[in-house]
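The primary structure of each chain is shown beneath.
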Amino acid sequence: MEPDPVFTEIPISIYARRLVADTELAKRTLGFEPSVTLEQGVELELANAFRLHGGEQEEWARLVAAQTAMLRD
C-alpha cells in the first residue's frame, strides 16, 4: 500500500527565476524541429486558453504582449 502524498511547502527563494529551453538535444537525438517560434507558441496557447475558458480580446492581447516581452528579456 502506497503512502498518501505529502504536501511540502517550497520556499520561494529556491524557485527558478528564469527557465530557458534549448531544443538542440531534441534536434540531435530525435530530429525535432520546432514549427513555430516560442513567441508564436505563447500566443497560440493563450488564444486556446481564452477560447476554452472565455475572456475578452483586450485581455488576451495584454497577456500576449506581456508574455512575449518577458521572453525577449
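Residues numbered from 1 in each chain as written. Predicted model: local features only at pLDDT ≥ 70, side-chain atom pairs only at ≥ 80, totals over all residues. Heavy atoms only, no water.

Below, the discussion takes up the overall build of the protein chain. Helix and strand counts for the protein chain come out as three helices and zero strands. For the protein chain, the α and β elements follow one another from N to C terminus as α-α-α. Across the 73 residues in the protein chain, those meeting the buried criterion constitute 8%. Total accessible area on the protein chain is roughly 6900 Å²; 58% of this is exposed by carbon and sulfur atoms. (Helix = DSSP H or I, 4+ residues; strand = E, 2+ residues; numbered from the N terminus. Buried < 20%, exposed > 50% of the residue type's maximum accessible area, 1.4 Å probe, protein only. Areas by Shrake-Rupley, 256 points an atom, 1.4 Å probe, with all protein chains shown as cover.)

Here we come to the confidence of the model for the protein chain. Scored by pLDDT, the protein chain comes out at a mean of 76, with 73% of its residues at no less than 70. Of all the helices and strands in the protein chain, helix α3 (residues 57-72) carries the lowest mean pLDDT, 74, while helix α1 (residues 24-30) carries the highest, 90. (pLDDT = per-residue confidence, 0-100.)

Taking 1.5 Å of rise per residue, the 16 residues of helix α2 (residues 38-53) would be expected to cover 22 Å, and the 22 Å separating its terminal C-alpha atoms lies within 8% of that figure. What α2 keeps buried is the set V42, L46 and F50. Along the axis of α2, the buried residues cluster in a sector spanning 65°; they form a single face. Structural note: α2 exposes L44, E45, R51 and L52 on the side pointing more than 90 degrees away from its buried face. (Expected span 1.5 Å × (residues − 1). Arc of directions from axis to C-beta.)

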